[in-house]
Amino acid sequence: MLAPGYGELSFTPPTPGSYRLPDLGSAADGEVLDAEGRATTLHALLGDGTSLLSFVYASCNDVNGCPLATAVLHRVQRRLGEAPELAGRIRLVSVSFDPTRDTPAVMKRYGAPFQRDGVDWRFATAPSDAALEPLLDAYGQSVLRDIDANGVDLGTFSHILRVFLIDGSRRIRNVYTVSFLHADTLMADLRTLLLETD
């Protein structure tokens, strides 16, 4: 069964600005490598404005996992492209939790189809598993390597899909899971958040 994010939303999202998004805590920082292989931090990638952050891995084949996050963010990207008054104020960021396989070059290839003028979508990986672990822990992002009965790494992960809405003060304002990740709700929340600063 496909997640709701692939289809039409079954309800009308609330009008932007008619509700407030709670402060769910600080958006943690950590070491990452951008798609060019340069050492940077997650906060630097998020920038000073509103952002949507997803943790993914490039070879994920669970249609309701990482491909869903990327597909929904791609829909958001397209809508931002039609709303230039919003596009320059929002950044999309996807960080791999498989730094062994997802090198900066791999993440650059993964992100290449989503590069377009006017909408900033950054792709990154971690310099090592050791650098990544505290970042995943801080975001409550559960990730386990899949191992067969003989202890052989299968190259896949068991993980919970989560996408984070982060404001310009680097506070988490919403967390979306499979059942709630949809471009319509993300756009309503983005507009609501931006109205706070207008």
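Residues numbered from 1 in each chain as written. Predicted model: local features only at pLDDT ≥ 70, side-chain atom pairs only at ≥ 80, totals over all residues. Heavy atoms only, no water.

Student: Kindly report on the packing of helix α2 (residues 66–81) against helix α6 (residues 183–197), identifying the contributing residues and their values.
Tutor: As a packed pair, α2 and α6 sit with axes 9 Å apart at the nearest point and diverge in direction by 50 degrees. By the angle between their axes, α2 is oblique relative to α6. Our pair here, α2 against α6, has a crossing hand that is right-handed. Together, V72, L73, R75, V76, R79 and L80 of α2 and A183, D184, L186, M187 and L190 of α6 make up the contact between the two elements. Residues of the contact of α2 with α6, tallied by class, amount to eight nonpolar, no polar and three charged. (Axes fitted to C-alpha atoms, helices over the stretch in contact; angles between N-to-C directions. Helix = DSSP H or I, 4+ residues; strand = E, 2+ residues; numbered from the N terminus. Parallel < 35°, antiparallel > 145°, perpendicular 65-115°, else oblique. Left-handed = near helix turned anticlockwise from the far one by under 90°. Contact = heavy atoms within 4.5 Å. Nonpolar A, V, L, I, M, F, W, Y, C, P; charged D, E, K, R; others polar.)

Student: Please set out the side chain of S54 residue by residue, giving values where relevant.
Tutor: Tracing the backbone shows S54 in strand β3 (residues 50–56). For S54, a relative accessible area of 0% gives the class buried. Reaching out from S54, the side chain makes a polar contact with the side chain of S94 at a distance of 2.9 Å. When near neighbours in sequence (up to four residues on either side) are disregarded, S54 contacts A69, L73, V93, S94, V95, R162 and V163. (Buried < 20%, exposed > 50% of the residue type's maximum accessible area, 1.4 Å probe, protein only. Polar contact = N/O pair within 3.5 Å; in protein donor to acceptor, adjacent residues only side chain to side chain.)

Student: Just give me the short version of the packing of aromatic side chains, but keep the residues and values in it.
Tutor: Summed over the entire model, instances satisfying the criterion amount to eight aromatic pairs. Between F55 and F164, the aromatic rings sit 6.2 Å apart at their centres with planes inclined by 85 degrees, giving edge-to-face as the arrangement. In this pair, F55 sits in strand β3 while F164 sits in strand β8 (residues 163–166), placing the two residues 109 residues apart along the sequence. Taken together, a centroid distance of 5.0 Å and an interplanar angle of 70 degrees make the contact between Y139 and F164 edge-to-face. A residue pair is termed long-range when its members are at least 10 positions apart, and Y139 in the loop between α5 (129–138) and β6 (143–147) and F164 in strand β8 qualify at 25 residues. Just as Y139 is buried, F164 falls in that class too. Aromatic rings pair up to connect Y110, F114, W121 and F123 into one cluster. (Phe/Tyr/Trp six-rings, centres within 6.5 Å; stacked < 30°, edge-to-face > 60°.)

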